[in-house]
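# Coordinates in review
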Amino acid sequence: MNILAVESSCDETAVAIVRDGRTVLTDQIASQVELHRIYGGVVPEIASRKHIEAIYALADQALEKAELTRKDIDAVAVTYAPGLIGAVLVGVNFAKAAAMAIGKPLIPVHHIRGHIAANYIAYPELKPPFLCLVVSGGHTMLVDVQDYTKMEILGGTLDDAAGECFDKVARVLGMPYPGGAALDKAAASGDETKYVLPRSKPGANPYDMSFSGLKTASLNLIHHAEQVGEELDIPSLCAAFSSAVSDTLVPRAMMALEKTGYKKLAVAGGVAANSRIRRDITEAAAKLGAEVYMPPLSLCGDNAAMIGSQAYYEYLSGNTADMSLNAYATKSILGEAL
Ligand code: KG4
Ligand code: ZN
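Bear in mind that the values here come from a model prediction, so they are computed numbers and not experimental data.

To continue, consider helix α4 (residues 111-122). The end-to-end C-alpha distance of α4, which contains twelve residues, comes to 17 Å, matching closely the 16 Å that a straight helix rising 1.5 Å per residue would cover. Counted residue by residue, α4 has eleven buried out of twelve residues, so it is predominantly covered. Buried residues of α4: H111, I112, R113, G114, H115, I116, A117, A118, N119, Y120 and I121, and no others.

A few words now on the domain arrangement of the protein. For the protein, the assigned domains read domain 1 (2-115 + 300-316) and domain 2 (127-298). Averaged C-alpha coordinates put domain 1 and domain 2 at centres separated by 27 Å. The interface of domain 1 with domain 2 comprises 19 residues on the first partner and 22 residues on the second. Taken over both partners, the interface formed by domain 1 and domain 2 buries close to 1,500 Å², and the fraction arising from carbon and sulfur atoms is 63%. Three residues, I112, H115 and C300, lead the burial of domain 1 against domain 2; their summed loss comes to 40% of the area buried on that side. At the junction of domain 1 with domain 2, the criterion picks out zero salt bridges. Inspection of the region where domain 1 meets domain 2 yields eight residue pairs in polar contact (both at pLDDT 80 or more). Looking at the side of domain 1 that touches domain 2, the elements that each hand over two or more residues are α1 (33-37), α4 and α11 (305-316).

On to the sheet that holds strand β4 (residues 75-81). Pairing between the strands of a sheet is mediated by backbone hydrogen bonds and can be parallel or antiparallel. The strand order across the open sheet formed by five strands is β3-β2-β1-β4-β5, and the pairing between neighbours is mixed. The open sheet has two free edges, formed respectively by β3 (23-31) and β5 (106-110), since each of these has just one partner strand. Adjacent strand axes in the sheet meet at a mean angle of 20 degrees when their direction is disregarded. Strand direction decides the pairing type here: strand β1 (residues 2-7) and β4, joined by four bridges, are parallel. Within β4, the residue paired with I3 across the bridge is A75.

On to the site of ligand 1, then. Near ligand 1 lie 19 residues; those nearest to it are H115, G137, D167, D184 and G270. Contact distances for ligand 1 include 2.9 Å between a nitrogen atom and a side-chain N or O atom of D184. Backbone polar atom of D302 to an oxygen atom of ligand 1: 3.2 Å apart, as the coordinates give it. Out of a free accessible area of 550 Å², ligand 1 has 85% covered by protein chains. Elements supplying a minimum of two residues to the shell around ligand 1: α4, α5 (162-172) and α6 (180-187). Split by residue class, the shell around ligand 1 holds five nonpolar, eleven polar and three charged.

In the contact formed by α5 and helix α7 (residues 212-228), the axes pass within 10 Å of each other and the chain directions differ by 5 degrees. Taken together, α5 and α7 sit at an angle that is classed as roughly parallel. Packed against α5, whose contacting residues are C165, K168, V169 and V172, the element α7 presents K215, S218, L219, I222 and H223 at the interface. Of the residues that constitute the contact of α5 with α7, the class distribution is five nonpolar, two polar and two charged.

Here a ring pair, both rings aromatic, is described through the centre-centre distance and the interplanar angle of the planes. Per the stated rule, a full pass over the model turns up nine aromatic pairs. Geometrically, the ring pair formed by Y120 and F130 is edge-to-face, given 6.0 Å between the ring centres and 80 degrees between the ring planes. Here Y120 is found in helix α4, whereas its partner F130 is found in strand β6 (residues 130-135), with ten residues between them in sequence. Side by side, Y120 and F130 carry an identical accessibility label, which is buried. Ring geometry for Y312 and Y313: centres 5.2 Å apart, planes at 75 degrees, overall edge-to-face. Here Y312 falls in the buried class, since its relative accessible area comes to 16%. What links up through ring pairs into an aromatic cluster is the set Y120, F130, Y148, Y312 and Y313.

Attention shifts here to the pattern of salt bridges. Counted by the stated rule, this structure contains eleven salt bridges. For K215, the salt bridge identified is with D160, shortest N-O distance 2.9 Å. Taken together, the residues span a long stretch of sequence, with K215 in helix α7 and D160 in the loop between β8 (150-156) and α5 at a distance of 55 residues. Given the relative accessible area of 11%, D160 is considered buried. Two residues, D280 and R276, come together in a salt bridge whose shortest N-O distance is 2.8 Å. Of this pair, D280 and R276 are both found in helix α9 (residues 275-287), four residues apart, which corresponds to roughly one turn of the helix. By the burial criterion, D280 is buried, and R276 matches it. It is possible to trace a salt-bridge network through shared partners that takes in E192, R276, R279 and D280.

Next up on the list: the coordination of the zinc ion (ligand 2). Ideal donor angles around a metal are set by the shape: a four-donor tetrahedron calls for 109.5 degrees, a six-donor octahedron for 90 or 180 degrees. Within the first shell, the zinc ion (ligand 2) binds the protein through H111 (NE2), H115 (NE2) and D302 (OD), at distances of 2.0 Å. The sequence pattern formed by the donor residues of the zinc ion (ligand 2) is H-x3-H-x186-D. With a gap of 187 residues between them, H115 in helix α4 and D302 in the loop between α10 (297-300) and α11 connect regions that are remote in the sequence.

How each quantity is defined
Residues numbered from 1 in each chain as written. Chains lettered and ligands numbered in written order. Predicted model: local features only at pLDDT ≥ 70, side-chain atom pairs only at ≥ 80, totals over all residues. Heavy atoms only, no water. Helix = DSSP H or I, 4+ residues; strand = E, 2+ residues; numbered from the N terminus. Expected span 1.5 Å × (residues − 1). Buried < 20%, exposed > 50% of the residue type's maximum accessible area, 1.4 Å probe, protein only. Domains from an automatic or database assignment. Contact = heavy atoms within 4.5 Å. Buried area = accessible area lost by both parts, 1.4 Å probe. Salt bridge = Lys/Arg side-chain N within 4 Å of Asp/Glu carboxyl O. Polar contact = N/O pair within 3.5 Å; in protein donor to acceptor, adjacent residues only side chain to side chain. Pairing = 2+ DSSP bridges. Axes fitted to C-alpha atoms, helices over the stretch in contact; angles between N-to-C directions. Near = heavy atom within 4 Å. Areas by Shrake-Rupley, 256 points an atom, 1.4 Å probe, with all protein chains shown as cover. Nonpolar A, V, L, I, M, F, W, Y, C, P; charged D, E, K, R; others polar. Parallel < 35°, antiparallel > 145°, perpendicular 65-115°, else oblique. Phe/Tyr/Trp six-rings, centres within 6.5 Å; stacked < 30°, edge-to-face > 60°. Donors = N, O, S within 2.8 Å, 3.2 Å for Na, K, Ca; no water.

Take a look at the structure:
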């Protein structure tokens, strides 16, 4: 089954064609990052307009690269939530029109379910059940993936997402948007013991996390150094920050592995590209004898291939939509309104 998948929830316009959930025939991405960089973050209005300009040509390009025609497409999938609402609407409307034009089913896909599915592309042998640590720009949570479309959230951030924190701290350090990758790179030559940053333990649920205290502490440290004219050791601060984020995520993931009894841990979302987190997870999981699944960097960030992968399983579960499909800025990974 060839699924044409569309992703436009943030600042990447993406169209992919994925066969039977696992084989990517083509994965086209038009990134707007350069455009938003001068503003230090995504400007939603600009993102929506750029999606509209790019999407039609990108879909044509996807067909051309895959050497397919519209007749070869069996369904159209789209990210319908969550994301910048104007941006998501562009993809949803395009997908509705495309599905109607070719007379094929329309499959709505939750963006975070898509991030998890990036692992199905990277690891053709991976099948649920498994535990997934989702770490993106907007979401941070531990998900019990019981089946392709049946999941339970064990816990997650009560405030900021890990990616949001990376970007905010990087921005204050003068790194270009989105700063997570630059901060990661700078951390490589730093001494993580030079600065002490907090690790918080919020609430009663041991799987819940909080990053706002870490963010505030990091920003205060930077501003204080500026005010007293103290030269900041940026690589060391980046290393201390990365280790604090990793210390928040990794022990909880290990606890969840022990609780669920799973021997498979997948990592998903843009922050899954972080070298410190990748290293710590690999080491900790090895101690528990668990297998780790981490998509290559190209599949960690937003892309449409992951949407096409998850769409296949949504389709098999009967999760299709009609022309009344709406777009949502927020929606739980379980499909509930937030
Ligand atoms: O999953 P994603 O592409 O978009 C959302 O769905 O939010 O995640 C983007 C986030 C950004 O915050 C970006 O800075 C972060 O992933 N990121 C990283 C790294 N590469 C991307 N954060 C830390 N280290 C990295 N190497
Ligand atoms: Zn994403």
